[in-house]
Amino acid sequence: QVRLVESGGGLVPAGGSLRLSCTASGRTLSRYGMAWFRQRPGQEREFVAGITWNRPITFYGDSVKDRFTISKGDSAMYLEMNNLKPEDTAVYYCAADLYSSAQADESFEYWGQGTQVTVSS
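Since the model is a prediction, treat every value here as computed from it, not as a measurement.

Regarding the sheet that holds strand S7 (residues 68-72)
Think of a sheet as strands paired side by side through backbone hydrogen bonds, with each pair either parallel or antiparallel. One open sheet accounts for four strands, arranged S1-S3-S8-S7; its pairing is antiparallel. In the strand order of this sheet, the two ends are held by strand S1 (4-7) and S7, each with one partner. Taken over all neighbouring pairs, the strand axes of this sheet differ in orientation by 15° on average, direction set aside. Both S7 and strand S8 (residues 76-81) contribute to a ladder of five bridges, which runs antiparallel.

Topic: the pairing of strand S9 (residues 90-98)
Within S9, seven of the nine residues are buried, which leaves the element mostly enclosed by the surrounding structure. Looking at chain direction, strand S4 (residues 32-39) and S9 are connected through eight bridges and run antiparallel. When the bridges of S9 are listed, Arg38 appears paired with Tyr92. Relative to strand S11 (residues 115-120), S9 is paired through three bridges, and the arrangement is antiparallel.

Looking at unusual backbone geometry
With an omega of -10°, the peptide bond running from Arg55 to Pro56 counts as cis. By the element assignment, Pro56 lies in the loop between strand S5 (46-51) and strand S6 (58-60). For Asn83, which is not glycine, the phi dihedral falls at a positive 50°. Secondary-structure assignment places Asn83 in the loop between S8 and S9. The phi dihedral of Tyr99 is positive, around 60°, even though this residue is not glycine. Within the secondary structure, Tyr99 sits in the loop between S9 and strand S10 (110-111).

Here we look at the nonpolar core
Taken as a class, soluble globular proteins show a tendency for nonpolar side chains to be buried jointly. Of all hydrophobic cores here, the largest spans 28 residues; its most connected members are Leu4, Met34, Trp36, Leu79, Met81 and Tyr92. Every element with two or more residues in this core is listed here: strand S3 (18-24), S4, S5, S7, S8, S9 and S11. With near-sequence residues (within four places) excluded, Tyr92 lies in contact with Glu6, Leu20, Trp36, Phe37, Arg38, Val48, Phe68, Leu79, Met81, Gly114, Thr115 and Val117. The next biggest cluster of nonpolar side chains, apart from the first, holds six residues, and it includes Ala35, Phe37, Phe47 and Ala95.

Scoring rules and cut-offs
Residues numbered from 1 in each chain as written. Predicted model: local features only at pLDDT ≥ 70, side-chain atom pairs only at ≥ 80, totals over all residues. Heavy atoms only, no water. Pairing = 2+ DSSP bridges. Helix = DSSP H or I, 4+ residues; strand = E, 2+ residues; numbered from the N terminus. Axes fitted to C-alpha atoms, helices over the stretch in contact; angles between N-to-C directions. Buried < 20%, exposed > 50% of the residue type's maximum accessible area, 1.4 Å probe, protein only. Core = buried A, V, L, I, M, F, W, Y, C linked by side-chain atoms within 4.5 Å. Contact = heavy atoms within 4.5 Å.

Written out as C-alpha coordinates, the structure is:
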(Lines give C-alpha, C1' and ligand atoms only; values in the text may rest on other atoms or scores of the structure.)
Protein backbone atom coordinates (compact mmCIF):
# COMPACT_ATOMS: atom_id res chain seq x y z
CA GLN A 1 0.00 0.00 0.00
CA VAL A 2 1.26 3.45 -0.93
CA ARG A 3 -0.17 6.42 0.95
CA LEU A 4 0.29 9.66 -0.96
CA VAL A 5 0.08 13.05 0.70
CA GLU A 6 -0.10 16.34 -1.19
CA SER A 7 0.95 19.69 0.22
CA GLY A 8 1.68 23.21 -0.93
CA GLY A 9 -1.74 24.37 -2.06
CA GLY A 10 -3.15 27.72 -1.10
CA LEU A 11 -4.49 31.08 -2.27
CA VAL A 12 -2.40 33.04 -4.77
CA PRO A 13 -3.12 36.03 -7.02
CA ALA A 14 -3.22 35.63 -10.78
CA GLY A 15 0.31 35.61 -12.18
CA GLY A 16 1.71 34.11 -9.01
CA SER A 17 3.44 30.81 -8.36
CA LEU A 18 3.00 27.76 -6.15
CA ARG A 19 4.94 24.55 -5.66
CA LEU A 20 3.01 21.41 -4.85
CA SER A 21 4.64 18.38 -3.26
CA CYS A 22 3.55 14.76 -3.08
CA THR A 23 5.21 12.37 -0.68
CA ALA A 24 4.74 8.72 0.21
CA SER A 25 5.36 7.88 3.83
CA GLY A 26 7.94 5.18 4.34
CA ARG A 27 8.23 4.41 0.66
CA THR A 28 10.71 5.19 -2.05
CA LEU A 29 9.14 6.39 -5.29
CA SER A 30 11.95 5.41 -7.62
CA ARG A 31 9.96 2.68 -9.37
CA TYR A 32 6.71 4.62 -9.61
CA GLY A 33 5.43 6.61 -12.56
CA MET A 34 3.48 9.52 -11.15
CA ALA A 35 1.13 12.25 -12.23
CA TRP A 36 -0.81 15.30 -11.15
CA PHE A 37 -4.50 15.62 -11.87
CA ARG A 38 -6.91 18.38 -10.95
CA GLN A 39 -10.64 18.70 -10.56
CA ARG A 40 -12.45 22.00 -10.86
CA PRO A 41 -15.87 22.44 -9.26
CA GLY A 42 -18.53 20.70 -11.32
CA GLN A 43 -16.02 19.30 -13.80
CA GLU A 44 -14.36 15.96 -14.45
CA ARG A 45 -10.87 15.22 -13.27
CA GLU A 46 -8.23 16.51 -15.69
CA PHE A 47 -4.70 15.31 -16.36
CA VAL A 48 -2.17 18.04 -15.56
CA ALA A 49 1.25 16.43 -15.85
CA GLY A 50 2.96 13.05 -15.64
CA ILE A 51 6.48 11.73 -15.17
CA THR A 52 7.72 8.23 -15.92
CA TRP A 53 9.53 6.12 -13.37
CA ASN A 54 12.71 5.88 -15.44
CA ARG A 55 14.81 8.26 -17.62
CA PRO A 56 12.44 10.24 -16.81
CA ILE A 57 10.02 11.51 -19.48
CA THR A 58 7.44 14.17 -18.74
CA PHE A 59 4.00 14.89 -20.20
CA TYR A 60 1.75 17.94 -19.82
CA GLY A 61 -1.84 18.86 -20.43
CA ASP A 62 -2.27 21.51 -23.10
CA SER A 63 -3.61 24.10 -20.68
CA VAL A 64 -0.50 24.03 -18.47
CA LYS A 65 2.31 23.56 -20.96
CA ASP A 66 5.09 26.14 -20.59
CA ARG A 67 3.71 27.22 -17.18
CA PHE A 68 3.94 24.08 -15.03
CA THR A 69 6.92 21.81 -14.44
CA ILE A 70 6.76 18.32 -12.96
CA SER A 71 9.75 16.68 -11.31
CA LYS A 72 10.38 13.66 -9.13
CA GLY A 73 12.97 12.34 -6.76
CA ASP A 74 13.15 9.11 -4.80
CA SER A 75 11.05 10.48 -1.96
CA ALA A 76 8.73 13.08 -3.50
CA MET A 77 7.14 14.46 -6.63
CA TYR A 78 6.71 18.17 -7.29
CA LEU A 79 4.67 20.49 -9.47
CA GLU A 80 6.08 23.95 -9.99
CA MET A 81 3.23 26.19 -11.14
CA ASN A 82 4.03 29.60 -12.60
CA ASN A 83 1.92 32.35 -14.14
CA LEU A 84 -1.16 30.96 -12.44
CA LYS A 85 -4.56 31.84 -13.83
CA PRO A 86 -8.01 31.84 -12.18
CA GLU A 87 -8.92 28.83 -14.32
CA ASP A 88 -6.17 26.86 -12.57
CA THR A 89 -8.32 26.93 -9.43
CA ALA A 90 -8.98 23.30 -8.52
CA VAL A 91 -8.22 20.49 -6.13
CA TYR A 92 -4.93 18.97 -7.22
CA TYR A 93 -4.30 15.26 -6.74
CA CYS A 94 -1.15 13.21 -7.08
CA ALA A 95 -1.27 9.66 -8.37
CA ALA A 96 1.22 6.81 -8.67
CA ASP A 97 1.55 3.37 -10.10
CA LEU A 98 4.43 0.91 -10.26
CA TYR A 99 6.43 1.23 -13.50
CA SER A 100 3.75 3.46 -14.98
CA SER A 101 4.30 5.38 -18.21
CA ALA A 102 2.39 8.19 -16.48
CA GLN A 103 0.41 9.39 -19.45
CA ALA A 104 -3.06 10.92 -19.38
CA ASP A 105 -4.88 7.69 -20.26
CA GLU A 106 -3.11 5.53 -17.69
CA SER A 107 -4.94 4.16 -14.69
CA PHE A 108 -3.16 4.84 -11.43
CA GLU A 109 -3.51 2.59 -8.42
CA TYR A 110 -2.64 5.07 -5.70
CA TRP A 111 -4.11 8.52 -5.11
CA GLY A 112 -3.68 11.26 -2.59
CA GLN A 113 -6.48 13.18 -0.87
CA GLY A 114 -5.86 16.39 -2.78
CA THR A 115 -4.75 19.93 -2.04
CA GLN A 116 -6.76 23.05 -2.89
CA VAL A 117 -5.27 25.67 -5.18
CA THR A 118 -7.18 28.92 -5.51
CA VAL A 119 -6.08 31.67 -7.90
CA SER A 120 -7.73 35.03 -7.42
CA SER A 121 -8.30 37.41 -10.31
